[in-house]
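Chain residues, written in single-letter form:
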Amino acid sequence: MLGAFFAFLVQVINANNMSVSDYGILSSSLALCAMLIPLVGLGFEQYIYKYSAENNFLIEPLIYPVIKYFFYYLYFVICYFFYFKF
């Protein structure tokens, strides 16, 4: 409940301090992230179970690709935001 309140408060502060077009870009970027985040988890949990069972329950080799994917995704979001901002 407290997290939802702070999220609302940040949205209000952003709306008051940004122009209409800037807030629209921010809002569309957040909406895009919200739509793509569920796709990240599709099948990943089952893959971890299968991979760990086949490799004596070692998941350390999966850590680097997950971190790499996270930074690629973060780079995409930042590029998307700056592409439509300027």
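The structure this text deals with has already been given above.
This report concerns the structure included in the present document. (Residues numbered from 1 in each chain as written. Predicted model: local features only at pLDDT ≥ 70, side-chain atom pairs only at ≥ 80, totals over all residues. Heavy atoms only, no water.)

### Some points on the overall build of the protein chain
What counts, and what does not: Secondary structure counts use DSSP, requiring at least four H or I residues in a row for a helix and at least two E residues in a row for a strand, with both numbered from the N terminus. In this setup the radius of gyration rests on C-alpha atoms only. A globule is expected at 2.2 Å times the number of residues raised to 0.38. For each residue, the accessible area found with a 1.4 Å probe, counting protein chains only, is set against the maximum for its type, and the residue is called buried under 20%, exposed over 50%, and partly exposed in between. Only heavy atoms enter the contact rule, under which two residues are in contact if any of them lie within 4.5 Å. Accessible areas in this description were obtained via Shrake-Rupley with a 1.4 Å probe; residue shielding takes into account the shown protein chains only.
Counting secondary structure elements, the protein chain contains four helices and zero strands. Traced from its N-terminal end to its C-terminal end, the protein chain shows the element sequence α-α-α-α. Computed over the C-alpha atoms, the radius of gyration of the protein chain is 18 Å, more than 25% above the 12 Å expected from 2.2 N^0.38 for a compact globule of 86 residues. Along the first, second and third principal axes, the C-alpha set of the protein chain runs to 55 × 35 × 20 Å. By residue count, 12% of the 86 residues in the protein chain fall in the buried class. Taking all contacts inside the protein chain whose residues are at least 6 apart in sequence as the whole, residues at least 24 apart take part in 52%. Carbon and sulfur atoms make up 74% of the accessible area of the protein chain, which totals about 7200 Å².

### Some words on the packing of helix α1 (residues 2-17) against helix α2 (residues 20-40)
The geometry of a pair of packed helices is captured by two quantities: the angle between their axes and the separation between those axes. This is how the line gets drawn: Orientation is described by lines fitted to C-alpha atoms, with helices fitted over the stretch in contact, and by angles between N-to-C directions that extend from 0 to 180 degrees. Charged means Asp, Glu, Lys or Arg here, nonpolar means Ala, Val, Leu, Ile, Met, Phe, Trp, Tyr, Cys or Pro, and polar covers whatever is left, Gly included.
Axis separation between α1 and α2 bottoms out at 9 Å; the angle between their running directions is 145 degrees. Counted together, Q11, N14 and A15 of α1 and Y23, L26 and L30 of α2 form the full contact between these two elements. When its residues are assigned to classes, the contact of α1 with α2 shows four nonpolar, two polar and no charged.

### A look at the environment of Y73
By the element assignment, Y73 lies in helix α4 (residues 60-85). Taking the relative accessible area as the measure of exposure, Y73 reaches 18% and is therefore buried. Along the backbone, Y73 and Y47 are 26 residues apart, and their C-alpha atoms lie at a distance of 20 Å.

### Comments concerning a nonpolar patch on the surface
For clarity, the cut-off: Each patch groups residues whose relative accessible area exceeds 30% and which form no salt bridge, using 9 Å between like charges and 5 Å between nonpolar side chains of Val, Leu, Ile, Met, Phe, Trp and Tyr. When a carboxyl oxygen of Asp or Glu lies within 4 Å of a side-chain nitrogen of Lys or Arg, that pair is called a salt bridge.
On the surface, I63, I67, F70, F71, L74, I78 and F82 cluster together to form a nonpolar patch covering roughly 650 Å² of accessible area. Take F70: it is sitting in helix α4.

### Some words on the environment of P61
With respect to the helices and strands, the residue P61 is situated in helix α4. Taking C-alpha positions, P61 is 9.9 Å from Y51, a pair spaced ten residues apart along the chain.

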